[in-house]
Amino acid sequence: MKGRIDQRRQRRKNAIKNVIAILIILTGVGYVAYKGHTGKKAVNKLCAQVEIGKPVDIYKRKATELGLNTRLIERSKNPEEPNLFMAWAGFSFSRYFCNIEFDDKGIVTARHQTYID
């Protein structure tokens, strides 16, 4: 009789461990999906608002407000090559970029959007 009770307890413990493991896995997968989705939406929103001829400072502020990572690359060695403002988001294998090229006066000359999956 005592052996049956011990077996039931062991099965119950194993079932609880399995449920906890499944919940951890589902939470991790859900977090990655959520981060990818919200990052893509923020990058799409920023890139959709970019207008050629506007100052790049506007988009720097908007990228910060949207919670995007940003980087400014000034290419002063070659004046014919435009500067680059990058805003991106992503997690794990999904990365979403909005690349904004601008001249020395800070006026937007082009935008590019890329995805890396």
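As shown above, the structure is provided for reference.
Position numbers for residues count from 1 along each chain, tracking the sequence in the order it is written. Residue-level local features of this predicted model are given only where pLDDT is at least 70; pairs of side-chain atoms are given and counted only at 80 or more, and the full residue set underlies all totals for whole chains, interfaces and linings. Only heavy atoms go into the side-chain values, all of them from the structure, while hydrogens and water stay out.

So what about the pattern of salt bridges? Which residues, and what values?
Salt bridge criterion: a side-chain nitrogen from Lys or Arg within 4 Å of a carboxyl oxygen from Asp or Glu. Here the structure, examined in full by the defined rule, presents one salt bridge. The salt bridge partner of Lys-60 is Asp-57, with a shortest N-O separation of 3.5 Å. Here the residue Lys-60 and the residue Asp-57 both occupy positions in helix α2 (residues 56–65), the gap between them amounting to three residues, near one helical turn. Throughout this description, buried means an accessible area under 20% of the type-specific maximum (1.4 Å probe, protein chains only), exposed means over 50%, and partly exposed covers the range between. Asp-57 gets classed as partly exposed once you look at its relative accessible area, which sits at 43%. Each helix is a run of DSSP H or I of at least 4 residues and each strand a run of E of at least 2, with the numbering of both proceeding from the N terminus.

Outline the pairing of strand β4 (residues 108–116), supporting the account with residue identities and numerical values.
Both strand β3 (residues 94–102) and β4 contribute to a ladder of eight bridges, which runs antiparallel. The residue bridging Cys-98 from the neighbouring strand is Gln-113, located in β4. Pairing between strands is defined by DSSP: at least two bridges between them are needed. In textbook terms, the turn of a hairpin is the stretch between consecutive antiparallel strands, and for β3 and β4 this stretch comprises five residues, one of which, Gly-106, has a positive phi near 85°.

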